[in-house]
Amino acid sequence: MISDQVYNVLTNGIGHIGCTSSSLRPFHADPLGICCDQTTNTIVCCLNKKTNKLFLEHLDIGSRVSLFAAVISHEAYNLKGAVTELRDVNDDESQVCDDLRKKMYGFYSELGIPKNLADRYWLKPIDIAVVFSVDKVFVQTPGPDAGKEI
Amino acid sequence: MINDEHLPALQGMFPSWITTVSNDGEPNTTVISQIWHVNETEVALSFQFFNKTKNNISQNPFAFATITNPATFDSYTLELKYNRTESEGDLFDEMDMKLEAIASMSGMSGVFELKGADIYTVLSISKNNL
């Protein structure tokens, strides 16, 4: 279900993950790293708890989530599924976040954005892993295929 | 509710994020080029396509958005409720002109017609940095 093309965007781009409350109010959070297991169609979004408080307050096992991920070329995908686990971030996942943050510093530097500003988004404690099982993948690259299920 | 502190984050320098929910509980998170400032209690989103966001809002008026100040990287989350759609007036003209300029620069002039300015009431706005 998660192709290599989607995997590349998930692991090299910027994502946002959304959920809903029991009263159908939406919330979202900013992953600082995304891990993907193509064999099990499982995604791990690594988050900072404090800055994503509203999202986490409304998230539970079984919650439906929508993960939007995009790269600078505008290639983007939306993956939907249900949360299977909320747990601490492991060492491998921390490493993924560190690697992505370093990549982002390089990208921001090319845009003339200093590291101290980039840090305001990227340099936060990564202290919770939201794991979900993907059941739908949609193209979200702007264009005629936007919204099409893969 | 919206004051001078928030205005730089509503200029469209950085994209914004929005999440909506269908009435059967399926969330949808996506990126939008800009959230426009309307007044102290309202913001606007462009309505160009009948996409999932528009479809969700037609079922359930609540939305959640994030905006970023490009100079400080301060980010703010907004809880929004859809109010109305305007298809004429100063705000509509301003949005139409800017979107056409963006489309023109992308070689897609005339493709992304603005159908309306969707006006949302801001229920809350809060700073999101550590």
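Residues numbered from 1 in each chain as written. Chains lettered and ligands numbered in written order. Predicted model: local features only at pLDDT ≥ 70, side-chain atom pairs only at ≥ 80, totals over all residues.

Engineer: Explain the interface of chain A and chain B to me, please; I cannot follow it from the model alone.
Structural biologist: A common way to state how big an interface is: give the accessible area lost once the parts meet. Every contact between the two is made by 25 residues of chain A and, on the other side, 23 residues of chain B. For the side of chain A that touches chain B, the elements supplying multiple residues, two or more each, are strand E1 (14-20), strand E2 (26-29), strand E5 (64-70) and helix H4 (115-122) of chain A. Looking at the side of chain A that touches chain B residue by residue, the class counts come to 11 nonpolar, 8 polar and 6 charged. (Contact = placed C-beta atoms within 7 Å. Helix = DSSP H or I, 4+ residues; strand = E, 2+ residues; numbered from the N terminus. Nonpolar A, V, L, I, M, F, W, Y, C, P; charged D, E, K, R; others polar.)

Engineer: I tried to follow the pairing of E5 of chain A on my own but got confused; where do I start?
Structural biologist: The side chains of a regular strand alternate between the sheet's two faces. All names here are of chain A. Most of E5 is tucked away: 6 of the 7 residues are buried. Taken together, the 5 bridges between E1 and E5 define a ladder with antiparallel strand orientation. Counted as the bridge partner of Ile14 is Ala70 from E5. The pairing of E5 with strand E6 (residues 76-87) spans 7 bridges and is antiparallel. Along E6, the bridge assignment pairs Phe68 with Asn78. The loop that links E5 with its antiparallel partner E6 comprises 5 residues; one of these, His74, has a positive phi angle of about 85 degrees. (Buried ≥ 20, exposed ≤ 12 C-beta atoms within 10 Å, placed from the backbone. Pairing = 2+ DSSP bridges.)

Engineer: Which parts of the structure should I look at to understand the sheet that holds strand E5 (residues 62-68) of chain B?
Structural biologist: The pairing of strands in a sheet comes from backbone hydrogen bonds and takes either a parallel or an antiparallel form. Residue and element names in this part refer to chain B. The strand order across the open sheet built from 7 strands is E2-E1-E5-E6-E7-E4-E3, with neighbouring strands paired in antiparallel fashion. Both outer strands of the open sheet, strand E2 (27-32) and strand E3 (36-39), are each paired with one neighbouring strand and no more. When the angles between neighbouring strand axes are averaged without regard to direction, this sheet yields 35 degrees. Looking at chain direction, E3 and strand E4 (residues 42-47) are connected through 3 bridges and run antiparallel. (Axes fitted to C-alpha atoms, helices over the stretch in contact; angles between N-to-C directions.)

Engineer: Could you clarify how one ought to interpret the sheet that holds strand E4 (residues 42-47) of chain A in this entry?
Structural biologist: Residue and element names in this part refer to chain A. Pairing in this open sheet of 7 strands is antiparallel, and the strands run E2-E1-E5-E6-E7-E4-E3 from one edge to the other. Where the open sheet ends on each side, the last strands, each with one partner, are E2 and strand E3 (33-37). Direction aside, the axes of adjacent strands within the sheet are offset by 30 degrees on average. Sheet topology note: the E4/strand E7 (residues 128-139) ladder contains 6 bridges and is antiparallel. Residue Val44 lies in a different strand from E7, and its bridge partner there is Val131. Along the sheet face, helix H1 (residues 4-12) touches E3, E5, E6 and E7 and points at about 155 degrees away from the line of E3.

Just geometry here; none of it tells us what the structure is for.
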